[in-house]
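# Structural overview
For reference, the chains in residue letters:
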Amino acid sequence: MNRFFYGRLAVGNLRKNIGLYLPYVLAAIGISAMYYIMGAITRDEGIREMRGADQLSMILGLGCGVIAIFTVIFLFYTNSFLMKRRKKEFGLFNILGMEKRHIGKMMFWETVIVAFISIAGGLVVGIALNKLVVLALVRLLEFDVPFGFHISKEALISVVILFACIFAATLVYNLFQVQKASPIELLRSSS
């Protein structure tokens, strides 16, 4: 087979199931943007120079932890919803002659594409909205506005690592679900 066959099949499946995947991807973009903004504010030099910066950094750090926990729960829940809807399709692929390892390769490429779109989109939105959130926070606290535009490398790396781990864990969970089920169980799973 062509080495790009599974990638093209994954893109075709994502296009066909755009109604299912669009809310999932938009939610992942929103959550990753929120996580980036919280991480960037925590590490912002202008915020560190404010009075009470230690307490604010601690609170924002706790906020990042809460968002991370919420992200894991939310993305696993929405992923299980997606898998419940797609198991019939995977069962049909299996009955038509596609082995489970081929379905796994297709699922791998689907996850890579969705993860890339989610992480990249979230970082773009997060970077774009970060300064606006910092300005709102500084105005709310009535401090001088720090000028300049800063992209936090630590927050970027944190977002990429967290979301890559979450998408990898959902892929492993999905592969386990498909591997343990028979084709008949996959076909009947949506009911």
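Keep in mind the model is a prediction, meaning the values are calculated, not measured. (Residues numbered from 1 in each chain as written. Predicted model: local features only at pLDDT ≥ 70, side-chain atom pairs only at ≥ 80, totals over all residues. Heavy atoms only, no water.)

Looking only at helices and strands, the protein chain features seven helices and zero strands. Each helix and strand of the protein chain, placed in order from N terminus to C terminus, yields the pattern α-α-α-α-α-α-α. Each of the 191 residues in the protein chain was classed as buried or not, and the buried ones make up 43%. Taking contacts inside the protein chain between residues at least 6 apart in sequence as the whole, the part at least 24 apart equals 84%. Accessible area for the protein chain stands at about 11100 Å²; split by element, carbon and sulfur atoms hold 69% of it. (Helix = DSSP H or I, 4+ residues; strand = E, 2+ residues; numbered from the N terminus. Buried < 20%, exposed > 50% of the residue type's maximum accessible area, 1.4 Å probe, protein only. Contact = heavy atoms within 4.5 Å. Areas by Shrake-Rupley, 256 points an atom, 1.4 Å probe, with all protein chains shown as cover.)

Moving on to a nonpolar patch on the surface. There is a patch of nonpolar side chains on the surface, built from Val125, Leu129, Leu132 and Val133 and spanning about 300 Å² of accessible area. Along the polypeptide, leucine 129 turns up in helix H5 (residues 100-141). (Patch = residues over 30% accessible without salt bridge, like charges linked within 9 Å, V, L, I, M, F, W, Y side chains within 5 Å. Salt bridge = Lys/Arg side-chain N within 4 Å of Asp/Glu carboxyl O.)

Once that is clear, we can look at the packing of helix H2 (residues 18-42) against helix H4 (residues 53-95). Working note: a packed helix pair is described by the angle between its axes plus the distance between those axes. At their nearest, the axes of H2 and H4 sit 9 Å apart, and the two run at 170° to each other. Between H2 and H4, the angle is such that the two are roughly antiparallel. (Axes fitted to C-alpha atoms, helices over the stretch in contact; angles between N-to-C directions. Parallel < 35°, antiparallel > 145°, perpendicular 65-115°, else oblique.)

With that settled, consider the nonpolar core. Counting residues in hydrophobic clusters, the biggest one holds 34 residues, and the most contacted among them are Tyr24, Tyr35, Tyr36, Val114, Phe163 and Phe167. Those elements that place two or more of their residues in this core are H2, H4, H5 and helix H6 (153-180). Looking at this core, the element that brings in the most residues is H2, giving 12 residues. Among the nonpolar cores identified, the runner-up in size contains 11 residues, and Tyr6, Met83, Phe90 and Met106 belong to it. (Core = buried A, V, L, I, M, F, W, Y, C linked by side-chain atoms within 4.5 Å.)

With 12 residues, helix H1 (residues 5-16) should reach 16 Å at 1.5 Å per residue; the first-to-last C-alpha distance of 16 Å fits that figure. Of the residues making up H1, those classed as buried are Tyr6, Ala10, Asn13 and Leu14. Along the axis of H1, the buried positions cluster into a sector of 100°, meaning they face one direction only. Turned more than 90 degrees away from the buried face of H1, the exposed residues are Arg15 and Lys16. (Expected span 1.5 Å × (residues − 1). Arc of directions from axis to C-beta.)

Next up on the list: the side chain of asparagine 79. Considering the arrangement of structural elements, one finds asparagine 79 in helix H4. A distance of 2.8 Å separates polar atoms of two side chains, one belonging to asparagine 79 and the other to asparagine 174. Setting aside residues up to four positions removed in sequence, asparagine 79 forms contacts with Tyr24, Thr170, Tyr173 and Asn174. (Polar contact = N/O pair within 3.5 Å; in protein donor to acceptor, adjacent residues only side chain to side chain.)

Quick look at the environment of glycine 63 now. Counting through the fold element by element, glycine 63 comes out in helix H4. For glycine 63, a relative accessible area of 16% translates into the label buried. For the pair glycine 63 and tyrosine 35, spaced 28 residues apart in the sequence, the C-alpha separation amounts to 8.8 Å.

This part takes up the packing of aromatic side chains. Inspection of every chain in the model, using the stated rule, returns five aromatic pairs. Residues phenylalanine 70 and phenylalanine 74 carry aromatic rings whose centres are separated by 5.6 Å and whose planes lie at 20° to one another, so their mutual orientation is stacked. Here the residue phenylalanine 70 and the residue phenylalanine 74 both occupy positions in helix H4, the gap between them amounting to four residues, near one helical turn. Overall, the relative accessible area of 44% leaves phenylalanine 70 in the partly exposed class. (Phe/Tyr/Trp six-rings, centres within 6.5 Å; stacked < 30°, edge-to-face > 60°.)

Take the packing of H2 against H6 next. Look at H2 against H6: their axes get within 9 Å of each other, and the N-to-C directions meet at 145°. As for how H2 packs across H6, the hand of that crossing is right-handed. Contacts between H2 and H6 involve Tyr24, Ala28, Ile31, Ser32, Tyr35, Tyr36, Gly39 and Ala40 from the former and Ala155, Leu156, Ser158, Val159, Leu162, Phe163 and Phe167 from the latter. For the contact of H2 with H6, the per-class residue count stands at 12 nonpolar, three polar and no charged. (Left-handed = near helix turned anticlockwise from the far one by under 90°. Nonpolar A, V, L, I, M, F, W, Y, C, P; charged D, E, K, R; others polar.)

Confidence along the protein chain averages 82 in pLDDT terms, with 87% of residues attaining 70 or more. By mean pLDDT, the top-scoring element of the protein chain is H6 (91), and the lowest-scoring one is helix H7 (residues 183-188) (61). (pLDDT = per-residue confidence, 0-100.)

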